[in-house]
Amino acid sequence: ATTTYTYSGGLYDKLEKRHLGFRYVKETLPCIDGETQCPYVETWFNQSYGSASEIDEEKSRAGNGTLLRYMKNEYANNGSTTPYTSKLTGNWTYVYDGTNAACSSWPCTNAKRIRTEWVYDAYDNITHTTTYGDYDVAGDEKTEYVSYSPNTSAYILSLPGQKSTYHGIGTGGSLLAQKLMEYD
């Protein structure tokens, strides 16, 4: 079985002497027995300084071109300010049923969309993760809160002290899970 890759849109900053990656990669996967056209994944990468080589978009398709999954990431970056930073703040994932029917509005009978959002503290630790599940169906949302107690003198900044998961958006729903951590 052979997987092939096609690249385009390579970018190199001559002043900074820095490769900013390829804009587009097509990964053609091996055909399954009986398939005449192989499935493939198309990926578009970010080429800004803070988010270089981070995935912007990704489309998974059947060999005939039918869209099966589409994923779009959202980033907060600081542009050309050093040190370059990039934080994944949101993600949309659309999962299609393989009928090749387009969704012009949502909710859609041929697909579902999933939403996840992240919030960070001053040390780039994820403090909130909100998962909407099936975005168009209420009741499967959950929120995870993580608290940290940074010890800046020892430069211990990313050890979580507590993780709490709640049903719904925010902390108003029922507590689903909680984990307390202690360190020596």
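Summarised in this report is the structure supplied together with it. Because the structure is predicted, anything quoted here is derived from the model rather than measured.

**Some thoughts on the pairing of strand β12 (residues 160-167)**
Judged from the seven bridges that link them, strand β11 (residues 142-148) and β12 form a sheet pairing that is antiparallel. Residue Val146 lies in a different strand from β12, and its bridge partner there is Lys163. Sheet analysis places β12 next to strand β13 (residues 175-180), joined by five bridges and oriented antiparallel. Residue Ser164 lies in a different strand from β13, and its bridge partner there is Gln178.

**Quick notes on the state of the cysteines**
Every disulfide links exactly two cysteines, by a covalent bond between their sulfur atoms. Under the counting rule described, the total for this entry stands at two disulfides. Covalently, Cys103 is tied to Cys108 through a disulfide, its sulfur atoms 2.0 Å apart. Across the S-S bond linking Cys103 and Cys108, the dihedral sits near -65°, which makes this disulfide left-handed. Of the two residues, Cys103 and Cys108, neither departs from the other in class, the shared state being buried. With its bonded cysteines labelled in order along the sequence, the protein shows the pairing 1-2, 3-4.

**With respect to the layout of surface pockets**
A volume near 160 Å³ is recorded for the largest pocket. In this structure, the largest pocket is lined by Tyr148, Ser149, Pro150, Asn151, Ile156, Leu157, Ser158, Leu159, Pro160, Gly161 and Tyr183. Looking at the lining of the largest pocket residue by residue, the classes come out as seven nonpolar, four polar and no charged.

**Side note on the side chain of Glu42**
Relative to the assigned elements, Glu42 resides in strand β5 (residues 40-45). Looking at Glu42, its side chain comes within polar contact range of the side chain of Tyr24, at 2.7 Å. Once residues lying within four places of it in the same chain are set aside, the contact partners of Glu42 are Tyr24, Val25, Lys26, Glu57, Glu58, Lys59 and Arg61.

**Some remarks on the packing of aromatic side chains**
For the coordinates displayed, the defined rule picks out ten aromatic pairs. When the centroid spacing of 5.7 Å and the interplanar angle of 35° are considered together, the rings of Tyr70 and Tyr94 count as tilted. With Tyr70 in strand β7 (residues 67-77) and Tyr94 in strand β8 (residues 86-96), this residue pair connects regions lying 24 residues apart in the sequence. We note that Tyr70, like Tyr94, is buried. Relative to Tyr135, the ring of Trp92 has its centre 4.8 Å away and its plane inclined at 70°; by these criteria the two rings are edge-to-face. Separated by 43 residues along the polypeptide, Trp92 in strand β8 and Tyr135 in the loop between β10 (126-134) and β11 bring together distant segments of the chain.

**Comments concerning the pattern of salt bridges**
Applying the stated rule across the entire model yields seven salt bridges. Across the pair Arg23 and Asp56 runs a salt bridge, and its minimum N-O distance is 2.9 Å. With a gap of 33 residues between them, Arg23 in the loop between β3 (18-19) and β4 (24-28) and Asp56 in strand β6 (residues 55-61) connect regions that are remote in the sequence. Asp56 gets classed as buried once you look at its relative accessible area, which sits at 12%. For Arg113, the salt bridge goes to Asp136, with nearest N and O atoms at 2.9 Å. You can see Arg113 sitting in strand β9 (residues 111-120) and its partner Asp136 sitting in the loop between β10 and β11, a full 23 residues away along the chain. What makes Arg113 buried here is its relative accessible area of 15%. Classification of Asp136 as partly exposed rests on a relative accessible area of 27%. What you see here is one network of salt bridges that share partners, running through Glu74, Arg115 and Glu117.

Analysis parameters
- Residues numbered from 1 in each chain as written.
- Predicted model: local features only at pLDDT ≥ 70, side-chain atom pairs only at ≥ 80, totals over all residues.
- Heavy atoms only, no water.
- Pairing = 2+ DSSP bridges.
- Helix = DSSP H or I, 4+ residues; strand = E, 2+ residues; numbered from the N terminus.
- Disulfide = S-S within 2.5 Å.
- Buried < 20%, exposed > 50% of the residue type's maximum accessible area, 1.4 Å probe, protein only.
- 1 Å grid on protein atoms, 1.4 Å probe; cavity = no way out; pocket = protein on both sides within 12 Å on 5 of 7 lines; lining within 4 Å.
- Points joined across faces, edges and corners; volume = space filled by probe spheres on them.
- Nonpolar A, V, L, I, M, F, W, Y, C, P; charged D, E, K, R; others polar.
- Polar contact = N/O pair within 3.5 Å; in protein donor to acceptor, adjacent residues only side chain to side chain.
- Contact = heavy atoms within 4.5 Å.
- Phe/Tyr/Trp six-rings, centres within 6.5 Å; stacked < 30°, edge-to-face > 60°.
- Salt bridge = Lys/Arg side-chain N within 4 Å of Asp/Glu carboxyl O.

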